[in-house]
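Here are the chains, one letter per residue:
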Amino acid sequence: MKKVLIGGIGNILLGDDGVGPYVARLLTARYEFDEGVEVADLGTPALDLVDQISAKDAVILIDSIDTDAAPGTVLLYRKADIVRHSSGVRMDTHSPALVDTLLGADFFGIAPASVLLVGIKSGSYEAGCSLSEPVIASLDQVIAEVLRELDRLDVGYVSREHPAELRIWWTTEEKIKSQSPSL
Amino acid sequence: MAKRITIDPITRIEGHLRIDVEVDNNAVSNAWASCTMWRGIEKILRGRDPRDAWLFTQRFCGVCTTVHAMASVRAVEDALKLEVPLNAQYIRNLILIAHALHDHIVHFYQLSALDWVDVLQIPKADPVATAKLAESLSPWTRNSRNEFKAAQDRVNAVASSGQLGIFMNGYWGHPAMRLSPDVNLLAFSHYVQALEYQRKALQVVGILGSKTPHIQNLTVGGVANAIDLDSPSALGMAGLENIRVLLDDVVRFINEVYFVDVCAVAAMYPEWFKIGSGVRNYLAVPDLPLDSTNTIYDLPGGYIKDGNIAGVHPFKTASDKEFRESVSEDVTHAYYQGGQPLHPWVGETEADFTGWNGDQKYSWVKAPRFKGEPMQVGPLAQVLIGYAQGHPLTRKYTDLAIGKIEAIGGIHVTPDMLHSTLGRHAARAIRAAMLAELAQKHWQLLVDNISKGDYTVHNQPVFSGHEVEGVGTHEAPRGTLSHWVVIKDEKIKNYQAVVPSTWNASPRDANGAHGPYEASLLHTPLARPEEPLEVLRTVHSFDPCMACACHAFDPSGRQIAKVKVL
């Protein structure tokens, strides 16, 4: 049995930064996964992310990204892409630390063999609890990338006949419906 | 020749800390602390149900989720004058203590120890001599030559590969690094072990809170933990026993490793008792309530002005009248609209971004003031305020720490020397030892109360039609946290969070008074201004946390310390 973490990262209070936690809930509502797969809303972790990714065979992270691409663009990163850039001397001791987390897990010998970051270029980080249109439009592609990675890992999943309730408690019911294109 | 150094570790777009210092004759002559991203999150809460506020506030930050949840329910309970059952108080206290122990361990080892410990000296260490030294300091059973050898082997592997990985950004070989190779190895081996013990502390939070990083068991008026001694799905003897075993391990690590290491590092860098003092006004609120009406506490609060420890002013309760009435936020140098300082209940959060200008606005952090003065918050404030009041537990561990530092370093240490960079580290270790003892006490209090047959965990909130105000506080790992709520018609009318790092990272106010980070950096000597390790040591001693905002991953990676000749 492969141990896989699918983790949504981001702050649900800051617009498109909430896409990770959002996708984690979409996945749980729509699919059933093999035993050993954990789908989690990781919020905005700092170095405690080391604990979350330790003892896993594979980790799939979903997070908003800041690049020059158009909002809603989905880009994939492997570990080598992520750790290529030094994370710098840390002034704020608790800054979120994906690079440090991956390097730390390496040092402690508990790094997962496979890491994929599914990044979604954000439209807006304004304080607020909903996603922007371009990011909403990208959700199905994000989910497809996660599933493709599971296929690659030879980990099974099935689409639920009746999708479970989507518990996006931070936004209102009407918005949930309009923000989930295929529900 | 004067130089301006900007330390702006931009690798992501979250709100992080930027420090600017001017350096003249190899010492800091001026300093600015700035948070680089707007929060403005409080506005989201307006119009929502006060019973739901904690779910949102615990998303302010990824590190301190629990503390914001707790301050929020306490604020609403204060507004509604709602009592909290004893079981709920004990369970909350245990969660807060376990979170703080996790946080203090991680702060010292993973986040700041490498400011003092030179990893690249470790290959020169002798594990046998290190074990001998370690055994002389502590009874910790994992101070063995095998553990030290294993830690050294890990470093050797990294050092010889040429890929320093997680250690690629240290100021290795810096002249301010002065520990012997053996002491470096000793501390580093504990850096590796610390990862295990902070995890155990977090597991306690997870068991009681149902889940981390975001606990699920809170509710306005108590907790949602079902208590049933025999049911495996409720909190029963099995869960409580599990917690006791985890806590025992964490407590031993705190007493035999963390506390000892901080004393040893302090003894070997005694000059840092004279550096980094800054703002000598201190603030802490009472915490760990022992009754359902919040009148008796395990940890004392109060304030100290101008370093006058003997003249401490105690607070009676966690929402003391003097505290409630004396807090305001000044936005003269912060990117917000507004004139006069405002009390949090009438606080506003309207952005006015101008770009960094050291003479005008330069930070997204407001300047909180107590009676118009900047205050330092955090473990040092907590320890000095407790010590000044003769609080027995604070005295016990402060005296123990001072005795240990004196014994190891052969130096004379007085409580006054705690106004310093090392004082902040020592105070955090003292507080951790106090909390470790209190963890076991509150575990016992909970078990005893349940054993009496009291299974009550919740009181139902009752709203009146009137507009009501409340403040919820918590002495969080980084200091005094306060959430301020105004409720009308069962809805939130206004909400402001005054968080520990805004007290400490505060910019200047209308009077030009520096915030604590800024003041603490003045006169700091720098051996190599282009490698400002000494600035990091002092700023890190506050345990800064600006991770209260955004988390997007920035694949480009950017640079750090920029040096400009003025």
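Residues numbered from 1 in each chain as written. Chains lettered and ligands numbered in written order. Predicted model: local features only at pLDDT ≥ 70, side-chain atom pairs only at ≥ 80, totals over all residues.

Draft legend 1. Local environment of the overall build of chain B. On a plain count of helices and strands, chain B comes out with 14 helices and 16 strands. Relative to the 2.2 N^0.38 estimate, which gives 24 Å for 566 residues, the radius of gyration of chain B is 23 Å and therefore close to what a compact globule would have. Expressed along its principal axes, the backbone C-alpha trace of chain B runs to roughly 70 × 60 × 50 Å. (Helix = DSSP H or I, 4+ residues; strand = E, 2+ residues; numbered from the N terminus. Rg over C-alpha atoms; globule rule 2.2 N^0.38 Å.)

Draft legend 2. Local environment of the overall build of chain A. Within chain A one finds six helices and seven strands. N-terminal to C-terminal, the α/β element order of chain A is β-α-β-β-α-β-β-α-α-β-α-β-α. Looking at chain A as a whole, 53% of its 183 residues qualify as buried. For chain A, the proportion of contacts with a sequence separation of at least 24, taken over those separated by at least 6, is 77%. (Buried ≥ 20, exposed ≤ 12 C-beta atoms within 10 Å, placed from the backbone. Contact = placed C-beta atoms within 7 Å.)

Draft legend 3. Just the environment of B:Asn255, in detail. All names here are of chain B. Mapped onto the elements, Asn255 comes out in helix H7 (residues 237-268). Since 20 C-beta atoms lie within 10 Å of it, Asn255 is described here as buried. In the structure, Asn255 is positioned 117 residues away from Ser138 in sequence and 9.0 Å away in space, judged by C-alpha atoms. Contacts of Asn255, omitting those with residues within four sequence positions, involve Ala433 and Ala436.

Draft legend 4. Layout of the confidence of the model for chain A. With 86% of its residues at a pLDDT of at least 70, chain A reaches an overall mean of 86. Below a pLDDT of 50 lies the segment residues 173-183 of chain A, which in the model reaches 16 contacts outside its immediate sequence neighbourhood of four places, other chains included. (pLDDT = per-residue confidence, 0-100.)

Draft legend 5. Quick look at helix H2 (residues 65-80) of chain B. Residue and element names in this part refer to chain B. Taking 1.5 Å of rise per residue, 16 residues should cover 22 Å, and H2 covers 23 Å from first to last C-alpha, within 8% of that figure. A large share of H2 lies buried, amounting to 16 of its 16 residues. Once H2 ends, the next one or two residues include Lys81, with phi positive near 50 degrees. (Expected span 1.5 Å × (residues − 1).)

Draft legend 6. Highlighting the pairing of strand E9 (residues 301-304) of chain B. Residue and element names in this part refer to chain B. Neither face of E9 is left uncovered, since the one carrying Gly301 and Tyr303 and the one carrying Gly302 and Ile304 both have all their residues buried. Judged from the three bridges that link them, strand E6 (residues 282-284) and E9 form a sheet pairing that is antiparallel. Pairing of Ala284 across the sheet is with Gly302, part of E9. Pairing of E9 with strand E10 (residues 313-315) involves three bridges; the strand directions are antiparallel. (Pairing = 2+ DSSP bridges.)

Draft legend 7. A look at the sheet that holds strand E5 (residues 74-78) of chain A. Residues and elements named next belong to chain A. If you trace the five strands from one edge of the open sheet to the other, you get E3-E1-E4-E6-E5, paired in mixed fashion. In the strand order of this sheet, the two ends are held by strand E3 (37-43) and E5, each with one partner. With strand direction ignored, the average angle separating the axes of adjacent strands in the sheet is 20 degrees. Here strand E1 (residues 4-9) runs beside strand E4 (residues 58-65); their pairing, made up of five bridges, is parallel. (Axes fitted to C-alpha atoms, helices over the stretch in contact; angles between N-to-C directions.)

Draft legend 8. Geometry of unusual backbone geometry. Residues and elements named next belong to chain B. Look at Leu288: it is not a glycine, yet its phi comes out positive at around 60 degrees. Residue placement: Leu288 occurs in strand E7 (residues 287-289). Residue classification places Leu288 among the buried positions, given that 22 C-beta atoms sit within 10 Å.

Draft legend 9. Representation of the nonpolar core in the model. Residue and element names in this part refer to chain B. Ranked by internal contacts, the top residues of the largest apolar core, which has 204 residues, are Leu94, Leu101 and Ala439. Excluding residues within four positions of it along the chain, Leu94 makes contact with Val204, Leu208, Ala439, His442, Trp443 and Leu446. In this structure, Ile5, Leu17, Val365 and Leu526 belong to the second largest nonpolar core, which totals 27 residues. (Core = buried A, V, L, I, M, F, W, Y, C linked by C-beta atoms within 7 Å.)

Draft legend 10. How the structure looks around the packing of H7(B) against helix H10 (residues 392-409) of chain B. All names here are of chain B. The geometry of H7 relative to H10 is characterised by a closest axis approach of 8 Å and an angle of 50 degrees between their N-to-C directions. Between H7 and H10, the angle is such that the two are oblique. Crossing geometry of H7 relative to H10 is assigned as right-handed. Across the interface between the two elements, Cys263, Ala264, Ala266, Ala267 and Met268 of H7 pack against Ala401, Lys404, Ile405, Ile408 and Gly409 of H10. Its residues placed into classes, the contact of H7 with H10 shows eight nonpolar, one polar and one charged. (Parallel < 35°, antiparallel > 145°, perpendicular 65-115°, else oblique. Left-handed = near helix turned anticlockwise from the far one by under 90°. Nonpolar A, V, L, I, M, F, W, Y, C, P; charged D, E, K, R; others polar.)

Draft legend 11. Quick look at helix H5 (residues 133-152) of chain A. End to end, H5(A) covers 30 Å across 20 residues, agreeing with the expected 28 Å (1.5 Å per residue, within 8%). Backbone geometry just after H5(A) places A:Asp154 at a positive phi near 60 degrees.

Draft legend 12. A look at the confidence of the model for chain B. Residue and element names in this part refer to chain B. Here chain B averages 91 in pLDDT, and 94% of its residues register 70 or above. Residue range residues 10-14 is modelled with pLDDT below 50. Its contacts to residues more than four positions away, or to other chains, number 24 contacts. pLDDT under 50 marks residues 548-552. Its contacts with residues more than four places away, or in other chains, come to 37 contacts.

Draft legend 13. Inspection of the sheet that holds E9(B) at higher detail. Residue and element names in this part refer to chain B. One open sheet accounts for three strands, arranged E6-E9-E10; its pairing is antiparallel. On the outer flanks of this sheet lie E6 and E10, each paired with one strand and no other. Strand-to-strand, the axes of this sheet are offset by a mean angle of 15 degrees, without reference to chain direction. Against the sheet, helix H9 (residues 379-388) makes contact with E6 and E9, and its axis sits at roughly 85 degrees relative to E6, the strand it touches most.

Draft legend 14. Up close: the environment of B:Arg244. Among the secondary structure elements, B:Arg244 is positioned in helix H7. Separated by 226 residues in the primary sequence, B:Arg244 and B:Gly470 place their C-alpha atoms 34 Å from one another.

Draft legend 15. View of the environment of B:Glu22. Residue and element names in this part refer to chain B. Among the structural elements, Glu22 can be located in strand E2 (residues 17-24). Along the backbone, Glu22 and Val312 are 290 residues apart, and their C-alpha atoms lie at a distance of 34 Å. Discounting chain neighbours no more than four positions away, the residues touching Glu22 are Ala2, Arg4, Ser29 and Asn30.

Draft legend 16. Quick look at the packing of H2(B) against helix H3 (residues 86-112) of chain B. Residues and elements named next belong to chain B. Contact geometry for H2 and H3: axes closest at 10 Å, N-to-C directions at 150 degrees. Taken together, the axes of H2 and H3 are roughly antiparallel relative to one another. The chirality of how H2 crosses H3 is left-handed. Judged by residue contacts, Thr66, Val67 and Met70 of H2 engage Arg92, Ile95, Leu96 and His99 from H3. Partitioned by chemical class, the residues of the contact of H2 with H3 number four nonpolar, two polar and one charged.

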